[in-house]
Amino acid sequence: MSKPDSLLKPLPTLNLVTNVEKLDAGLRGLDHYRTRLPLWRYKPRQRLIPLVRWETPHLAAIQKSVRSPALDTYFSITANLGTHTFFMVVLPILFWCGYTNLGRGMVHVLASGVFFSGFLKDMWCLPRPLSPPLNRITMSRSAALEYGFPSTHSTNAMSVAVYALFMLHAPDSSVPPAVKIGLEAVSCCYAVSIVLGRLYCGMHGFFDVLVGSALGASLSIVQCLYGDSFDHFIHTGSFKAPVVVILIILVLVRIHPEPADDCPCFDDSVAFAGVMIGVELGNWHFGRSGRAWNEPALATVPFSLEALGWPRTIARIFIGVLMVFAWREVMKPTLLRSLPPIFRVVEMLGLTLPRRFFVQASEYNQVPNQKDDNVIPAVSEFPSLLTSFRHPRRSRSVSVGPQSEADAYETLAYRDTRRKQSKSEMVAATPRIDERNSSEENAPGYFGISTSRNASTRQPTAGLPTPVPSNLDLYNSMSGPEQVLYTPLTPGTASGGSSRRPSSERRQDEREEREMFSKLEKPRVRYDVEVITKLIVYTGIAWIAVEGAPILFETIGLGLGTQPG
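This structure is a prediction, so every number in the text was calculated from the model and none was measured.

(A) Here's a closer look at the overall build of the chain. Helix and strand counts for the chain come out as 19 helices and six strands. Evaluated residue by residue, the chain yields a buried proportion of 52% over its 565 residues. Look at the contacts in the chain between residues 6 or more apart in sequence, and 82% of them connect residues 24 or more apart. Total accessible area computed for the chain in this model is approximately 26200 Å², and 64% of it derives from carbon and sulfur atoms.

Below you can see the structure in the form of structure tokens.
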């Protein structure tokens, strides 16, 4: 049985050729997606790719004109406010502090946003705007491993802002006018900061954030219109109501598209599918337990700041968060140890999980300890997280160059496309070729490689001022056709007559391509049992937030017990 691509680990320099040859089809960027995607996904992707390439020089020019160390730090820090980890910490607190209805709505829009943005990312496999010419500024090493379209940060931020504004203007809102204005301003600034930060940090293009924002706003509008009806359906129905919802969620997980590259979007989608399952089960059962306040017909966690006081309220939050992390620390390793034998039996029956980048249970003995989790970090990771927030300038990184296989294949595809264009364009420009400004010929290539091989020194025409190019002109020239020198590793397989190019140039291009792939950060190896593990772990986390922790609060004297008269 062949190993999946995710098992390919960077090899020593001596074995670099073998490592590159395994990546895919001679590193032909265009063929990579043509062979891995069905036609109905490949054709729309190819129509959208020119938009990503058109955006890149404009984004680079804007980034160059406004960048500063202070803004780098600000936008890299605030990006954490749009992450899954931030919401997984904040959402349970809403349930424990009397904002159960708000918490339910936030879970619905955020879980749907993470799932469907990840669904679209893996569906179309569109890359992020490329670096260079953009600099990517981030505090997360794994952020660039995902596809770019749409922006999940923008989806999350816009869904939260729109839903918060709706709640503030709801007929039953009791927020004082002055406080309402302040919260409205905070909501708007939050959304704008996250969305603009994605552009500033070079992580997304205009198209990514516009569609991501539209998706988030649309999900919030659906929640605003139909959320109460959905909650009523869950709360007042029989056990069939949550079962139907769970089955729908599991079907959506099952039909989540296979990406062309090893993209971790599916992991986040599975985690938040589990969150939705746990919340709906908890809502249904907690409403029937006799421990909830029914206001008017929905389960609400008993809470009153006046009755509990700040010390007991803080104790509730501390104990609740401790329960969440204790559950994760115990259940994740337990499931990863106990599930593989079961999966091997299931695999013998022909019922394996058909995911391309997940290792099947028959191919490993045990799942090794892995410390990364894009949603809830392990307890052992907290010291490094605290250090990163105490020293944000040292923790943020500014990277230049392809960071994922999607980036690398887009680099090769872009070069191949521009190479075809350059052949006819350079022939048409032959009479004027000696009149080119030497600064253009010696400019670094679009992907950071100086591709001019016959540069010469010329003096400006006497008496005429030398034109100073704008940032946009500079980045457009960096992607000009004369800068493209790409030869596929398999001679004679690409168009454009690359096999007729001098062998020394082909070898140079091959070395550059090998070096590019060798520097990519590979996603960690993922195992089939991790899908079920995530579903169970995050279902449990959501159930703890909705029902488990409130029951414990009542048991240990941190609750209110009965519904107020």
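Further notes follow.
(B) Spotlight on helix H8 (residues 177–200). Across its 24 residues, H8 extends 34 Å between first and last C-alpha, which sits within 8% of the 34 Å expected from 1.5 Å per residue. Taken as a whole, H8 has its buried residues at Glu184, Ser187, Tyr190, Ala191, Ser193, Ile194, Val195, Gly197, Arg198, Leu199 and Tyr200. Two residues or fewer after H8 comes Gly202, characterised by a positive phi angle close to 70°.

(C) Up close: a nonpolar patch on the surface. A surface patch of nonpolar side chains, about 320 Å² in accessible area, is lined by Ile62, Val66, Leu71 and Tyr74. Listing elements by their share of the nonpolar patch, those giving two or more residues are helix H3 (39–66) and helix H4 (69–78). Along the chain, Val66 falls in helix H3.

(D) Seen up close, the packing of helix H10 (residues 240–254) against helix H11 (residues 265–286). At their nearest, the axes of H10 and H11 sit 10 Å apart, and the two run at 180° to each other. Considered as vectors, H10 and H11 are oriented roughly antiparallel to each other. Between H10 and H11, the residues in contact are Pro242, Val245, Ile246, Ile249, Leu250 and Val253 and Phe266, Val270, Ala273, Met276, Ile277, Glu280, Leu281 and Trp284, respectively. Along the lines of polarity and charge, the residues of the contact of H10 with H11 split into 13 nonpolar, no polar and one charged.

(E) Highlighting the packing of helix H5 (residues 84–96) against helix H19 (residues 529–555). Remark: H5 packs on H19, axes separated minimally by 10 Å, with the N-to-C direction vectors making an angle of 30°. On the basis of their axis angle, the class for H5 and H19 is roughly parallel. Considering how the two elements wind past one another, H5 and H19 form a crossing that is right-handed. Here Met88, Pro92, Phe95 and Trp96 of H5 come into contact with H19, specifically with Tyr538, Ile541, Ile544, Ala545, Val546, Ala549, Pro550 and Phe553. Here the residues of the contact of H5 with H19 are counted per class, giving 12 nonpolar, no polar and no charged.

(F) Fine view of the packing of aromatic side chains. Counted under the stated rule, the structure contains 12 aromatic pairs. Residues Phe115 and Phe119 carry aromatic rings whose centres are separated by 6.2 Å and whose planes lie at 35° to one another, so their mutual orientation is tilted. A residue pair is termed a helical-turn pair when its members lie 3 or 4 positions apart in one helix, as Phe115 and Phe119 do in helix H6 (residues 100–124) at four residues. Judged by its relative accessible area of 14%, Phe119 falls in the buried class. With 4.8 Å between their ring centres and 5° between their planes, Phe149 and Phe207 make a pair best called stacked. Of this pair, Phe149 sits in the loop between strand S1 (136–138) and helix H7 (152–168) while Phe207 sits in helix H9 (residues 206–236); the two residues are 58 residues apart in sequence, bridging distant segments of the chain. Among the aromatic residues, those joined into a ring-pair cluster are Tyr74, Phe75 and Tyr200.

(G) Fine view of unusual backbone geometry. The residue after Pro132, namely Pro133, is reached through a cis peptide bond having omega 15°. Along the chain, Pro133 turns up in the loop between H6 and S1. In this structure, Pro150 follows Phe149 across a cis peptide bond, with omega equal to -10°. Positionally, Pro150 belongs in the loop between S1 and H7. Of note, the phi angle at Cys125 is positive, near 55°, even though the residue is not glycine. Its place among the elements puts Cys125 in the loop between H6 and S1.

(H) Just the side chain of Thr78, in detail. Within the element layout of this structure, Thr78 appears in helix H4. Those residues in contact with Thr78 that sit more than four places away from it in its chain are Ser193 and Ile194.

(I) H7, seen in detail. Its 17 residues place the ends of H7 24 Å apart at the C-alpha level, agreeing with the 24 Å of an ideal helix rising 1.5 Å per residue. Within H7, 12 of the 17 residues are buried, leaving the element largely enclosed by the surrounding structure. Where H7 is concerned, the buried positions are Thr152, His153, Ser154, Thr155, Asn156, Ala157, Ser159, Val160, Ala161, Tyr163, Ala164 and Leu168. Summarising the contacts, the buried residues of H7 are in contact with H5, H6, H8 and H9.

(J) Local environment of the pattern of salt bridges. Enumeration over the complete set of coordinates arrives at seven salt bridges. One salt bridge connects Asp72 with Arg67, and the closest N-O pair in it is separated by 2.5 Å. The closest approach of N and O atoms between Arg136 and Asp407, which form a salt bridge, is 2.5 Å. Of this pair, Arg136 sits in strand S1 while Asp407 sits in helix H15 (residues 405–428), placing them 271 residues apart in sequence. Residues participating in the shared-partner salt-bridge network are Asp262, Asp267 and Arg526.

Reading guide: rules and limits
Residues numbered from 1 in each chain as written. Predicted model: local features only at pLDDT ≥ 70, side-chain atom pairs only at ≥ 80, totals over all residues. Heavy atoms only, no water. Helix = DSSP H or I, 4+ residues; strand = E, 2+ residues; numbered from the N terminus. Buried < 20%, exposed > 50% of the residue type's maximum accessible area, 1.4 Å probe, protein only. Contact = heavy atoms within 4.5 Å. Areas by Shrake-Rupley, 256 points an atom, 1.4 Å probe, with all protein chains shown as cover. Expected span 1.5 Å × (residues − 1). Patch = residues over 30% accessible without salt bridge, like charges linked within 9 Å, V, L, I, M, F, W, Y side chains within 5 Å. Salt bridge = Lys/Arg side-chain N within 4 Å of Asp/Glu carboxyl O. Axes fitted to C-alpha atoms, helices over the stretch in contact; angles between N-to-C directions. Parallel < 35°, antiparallel > 145°, perpendicular 65-115°, else oblique. Nonpolar A, V, L, I, M, F, W, Y, C, P; charged D, E, K, R; others polar. Left-handed = near helix turned anticlockwise from the far one by under 90°. Phe/Tyr/Trp six-rings, centres within 6.5 Å; stacked < 30°, edge-to-face > 60°.

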